[in-house]
Amino acid sequence: MKRDDLNHPTIQGNKWHKLKLNLQQAQLENKTTLVTFGGAYSNHIAAVAAAGKDLGFETHGYIRGEELRDSPNTWSHTLIEAVDNGMQLHFISRSDYRLKQSFEFLSTLNRLHPNAYILPEGGTNEYAILGFKEVCEDLENQCPDWTHLYTAVGTGGTLAGFIANARYQPKRQLLGVSTLKDSDYLIEDISNWVTKASNHQTNSWRLLQNYHGNGYAKSSQEMEDTQVWFEESFGIPLDPVYTQKLVFAFLTELENNHIPSGSKIILYHSGGLQGRKKQDIAQSTIL
Ligand SMILES: Cc1ncc(COP(=O)(O)O)c(C=O)c1O
């Protein structure tokens, strides 16, 4: 397991790789504010709030679910911590949220936050994809003969980052474990990111769509039991939304003989441990 839950004290896991070049770019452009989007349990929201606090940016988070505006007593730990880190929250309806990448919505944001660097949902953009170069180099040094890499998938940016940056070897495969139901559309999204970001031959890759546990932030008893077993056996904490499904998927693939013997497998621990907080787990059925 590549323990990237340990790579940064406040912006851990894949978030560090996705944000670091974006933060440099925001500084280069002399931006004073970071604006982004997410659900009430978004690790990305938590990471942007922490980054803003560390680097002196004002931060604004546009959060899906206007019903949360007047009920702060129902806020997730993620939102409470984001506010503690100085983020200003703006709650918007699900229909407005769907328009967040539209020209009109972005123009309004630019008017409301004139010197802002706008980060997309989940932080996935070209800088985010490029940000995975460093961790791919780490893997070449730490486990040069790896054959399989498993990573959890939300927007697909992390998997795209690995595909675009990992050194090509004929036997290598990258496997993304989708945490969402009906995630076919991600295959095209990921392919597009990779085409834009990579100028070399890439390893083969697949999106595994059978391990979403009935949808985003939901999971089965079997998956939860696997998390408990894994943590007790190896002393490595997992998060309930992403890495729990990653480990469950890997163990199931192994059990079903889908992985050839002699393979050298890396499970990518993408962090997200702030999502372990009790309140979030209890409420994790709310999207
Ligand atoms: C801990 C963790 N792992 C994996 C992912 C999935 O990353 P991506 O959205 O790049 O697919 C996320 C979230 O976005 C996350 O927070």
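Residues numbered from 1 in each chain as written. Predicted model: local features only at pLDDT ≥ 70, side-chain atom pairs only at ≥ 80, totals over all residues. Heavy atoms only, no water.

Near the ligand lie 15 residues; those nearest to it are K18, G154, T155, T158 and S270. Residue N14 places a side-chain N or O atom 3.1 Å away from an oxygen atom belonging to the ligand. A distance of 2.8 Å is found between an oxygen atom of the ligand and a backbone nitrogen or oxygen belonging to G156. Against a free-state accessible area of 380 Å², the protein chains account for coverage of 97% of the ligand. Counting only elements with at least two residues in the shell around the ligand, the list comes to α1 (14–28), β6 (148–153) and α8 (157–165). (Near = heavy atom within 4 Å. Polar contact = N/O pair within 3.5 Å; in protein donor to acceptor, adjacent residues only side chain to side chain. Areas by Shrake-Rupley, 256 points an atom, 1.4 Å probe, with all protein chains shown as cover. Helix = DSSP H or I, 4+ residues; strand = E, 2+ residues; numbered from the N terminus.)

Bridge count for strand β7 (residues 173–178) against strand β8 (residues 204–208) is five bridges, and the pairing is parallel. Across the sheet, V177 pairs through a bridge with L208, a residue of β8. Following the backbone out of β7, through helix α9 (residues 185–197) and into the adjacent parallel β8, one traces a crossover that is right-handed. (Pairing = 2+ DSSP bridges. Right-handed = clockwise from strand over helix to strand, strands pointing away.)

Bringing the side chain of Q25 into the picture now. Within the fold, Q25 resides in helix α1. Since its relative accessible area comes to 17%, Q25 is described here as buried. Separated by 2.8 Å, the side chains of Q25 and E29 make a polar contact. (Buried < 20%, exposed > 50% of the residue type's maximum accessible area, 1.4 Å probe, protein only.)

Taken together, the buried positions of helix α7 (residues 133–142) are occupied by V135, C136, L139 and E140. Buried residues of α7 fall within an arc of 150° about the axis and therefore sit on the same side. Facing away from the buried side of α7 by over 90 degrees, the exposed positions are N141 and Q142. Against β1 (2–3), α1, β6, α8 and β9 (265–269) lie the buried residues of α7. (Arc of directions from axis to C-beta. Contact = heavy atoms within 4.5 Å.)

Our next topic: the state of the cysteines. Each disulfide consists of a covalent bond between the sulfur atoms of two cysteine residues. All told, the structure shown has zero disulfides when counted by the stated rule. C136 takes part in no disulfide bond, and the closest cysteine sulfur, belonging to C143, lies 13 Å away. (Disulfide = S-S within 2.5 Å.)

We now examine the domain arrangement of the protein chain. Structurally, the protein chain comprises domain 1 (2–6 + 127–282) and domain 2 (14–124). The gap between the C-alpha centroids of domain 1 and domain 2 is 24 Å. Facing 22 residues of domain 1, the contacting portion of domain 2 comprises 23 residues. Between domain 1 and domain 2 the total buried area reaches about 1,800 Å² when both faces are included, carbon and sulfur atoms providing 51% of it. Where domain 1 meets domain 2, there are one salt bridge. K20 is the salt-bridge partner of E134, the closest N and O atoms lying 2.4 Å from each other. For the side of domain 1 that touches domain 2, the secondary structure elements donating two or more residues are α6 (126–130), α7, α8 and α12 (278–282). Taken together, the residues of the side of domain 1 that touches domain 2 sort by class into nine nonpolar, nine polar and four charged. (Domains from an automatic or database assignment. Buried area = accessible area lost by both parts, 1.4 Å probe. Salt bridge = Lys/Arg side-chain N within 4 Å of Asp/Glu carboxyl O. Nonpolar A, V, L, I, M, F, W, Y, C, P; charged D, E, K, R; others polar.)

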